[in-house]
Amino acid sequence: MREEHAALDGITLPPSDKFWNHYLPPNGWNCRCTAVQVLKGKYPQSDSDCACAAADGIADTPKKQIFKFNPGKQMKVFPPKHPYLPKGCGDCNRKLLSYDPNSPACQACKAIKKMS
């Protein structure tokens, strides 16, 4: 486990906590960290502000900012401007990809629209 990721080990916060709006593994390239839901009261609850400060240390450079993202909360697979997305993709109002009807890279949006 990486030293900066070890700072997040054992954080226990309810699903409604602000921490989860921005943090959920993976927290970096090749990160193997996991999040596990536990029973309330089984572990002491962490301090939310301390947990956010520790997590901010992981996303401390512009390239690492793409990991300050929770796909479940944002309802998107990748954050905007993620390198897996085509250039200029990620800021549209669709759920998963930026939409340009003339772009072959965005053909997935048509399929997603049909399914939803």
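The paragraphs below set out a description of the structure included in this document. Nothing here was measured: the structure is a model prediction, and the numbers come from that model.

1. Some points on the overall build of the protein chain
Within the protein chain one finds four helices and zero strands. Along the protein chain, helices (α) and strands (β) appear in the sequence α-α-α-α when read from the amino end. Counting only residues that meet the buried cut, the protein chain has 28% of its 116 residues in that class. For the protein chain, the exposed surface amounts to about 8,300 Å²; the carbon and sulfur share of it is 56%.

2. A short note on the state of the cysteines
Scanning the model with the defined rule gives zero disulfides in all. Between Cys33, a free cysteine, and Cys31, which holds the nearest cysteine sulfur, the sulfur-to-sulfur gap is 3.4 Å. Of all cysteine sulfurs, the one in Cys52 lies closest to Cys50, which takes part in no disulfide; the gap is 9.4 Å.

3. Details of a nonpolar patch on the surface
Taken together, Val36, Val38 and Tyr43 make up a surface patch of nonpolar side chains, about 290 Å² in accessible area. With respect to the secondary-structure elements, Tyr43 resides in the loop between helix H1 (3-6) and helix H2 (48-56).

4. Let's talk about the pattern of salt bridges
Two side chains of opposite charge can pair, provided their charged atoms sit close to one another. For the coordinates displayed, the defined rule picks out two salt bridges. One salt bridge in this structure joins Asp49 and Lys18, with 2.6 Å as the shortest N-O distance. Pair noted here: Asp49 is in helix H2 and Lys18 is in the loop between H1 and H2, with a separation of 31 residues, a long-range link. In this structure, Lys68 and Asp56 form a salt bridge, with 3.4 Å as the shortest nitrogen-oxygen distance. Remark: Asp56 occurs in helix H2 and Lys68 occurs in the loop between H2 and helix H3 (71-74); sequence separation between them is 12 residues. Judged by relative accessible area, Lys68 falls into the partly exposed class, the value being 31%. Residue Asp56 is classed as partly exposed on the basis of its relative accessible area, which comes to 35%.

5. Observations regarding the packing of aromatic side chains
Tallied over the full model, the rule gives three aromatic pairs. Between the aromatic rings of Phe19 and Trp20, the centroid separation amounts to 4.8 Å while the plane-to-plane angle is 85°, which identifies the pairing as edge-to-face. Here Phe19 and Trp20 have matching classes, each one buried. Between Trp29 and Phe67, the aromatic rings sit 5.0 Å apart at their centres with planes inclined by 85°, giving edge-to-face as the arrangement. With a gap of 38 residues between them, Trp29 in the loop between H1 and H2 and Phe67 in the loop between H2 and H3 connect regions that are remote in the sequence. Relative accessible area serves as the criterion here: at 10%, Phe67 is assigned to the buried category. Here a set of aromatic residues connected by ring pairs shows up, and it is made of Phe19, Trp20 and Tyr23.

Procedures and definitions
Residues numbered from 1 in each chain as written. Predicted model: local features only at pLDDT ≥ 70, side-chain atom pairs only at ≥ 80, totals over all residues. Heavy atoms only, no water. Helix = DSSP H or I, 4+ residues; strand = E, 2+ residues; numbered from the N terminus. Buried < 20%, exposed > 50% of the residue type's maximum accessible area, 1.4 Å probe, protein only. Areas by Shrake-Rupley, 256 points an atom, 1.4 Å probe, with all protein chains shown as cover. Disulfide = S-S within 2.5 Å. Patch = residues over 30% accessible without salt bridge, like charges linked within 9 Å, V, L, I, M, F, W, Y side chains within 5 Å. Salt bridge = Lys/Arg side-chain N within 4 Å of Asp/Glu carboxyl O. Phe/Tyr/Trp six-rings, centres within 6.5 Å; stacked < 30°, edge-to-face > 60°.

Fair warning: the whole summary comes from geometry, so function is off the table for now.
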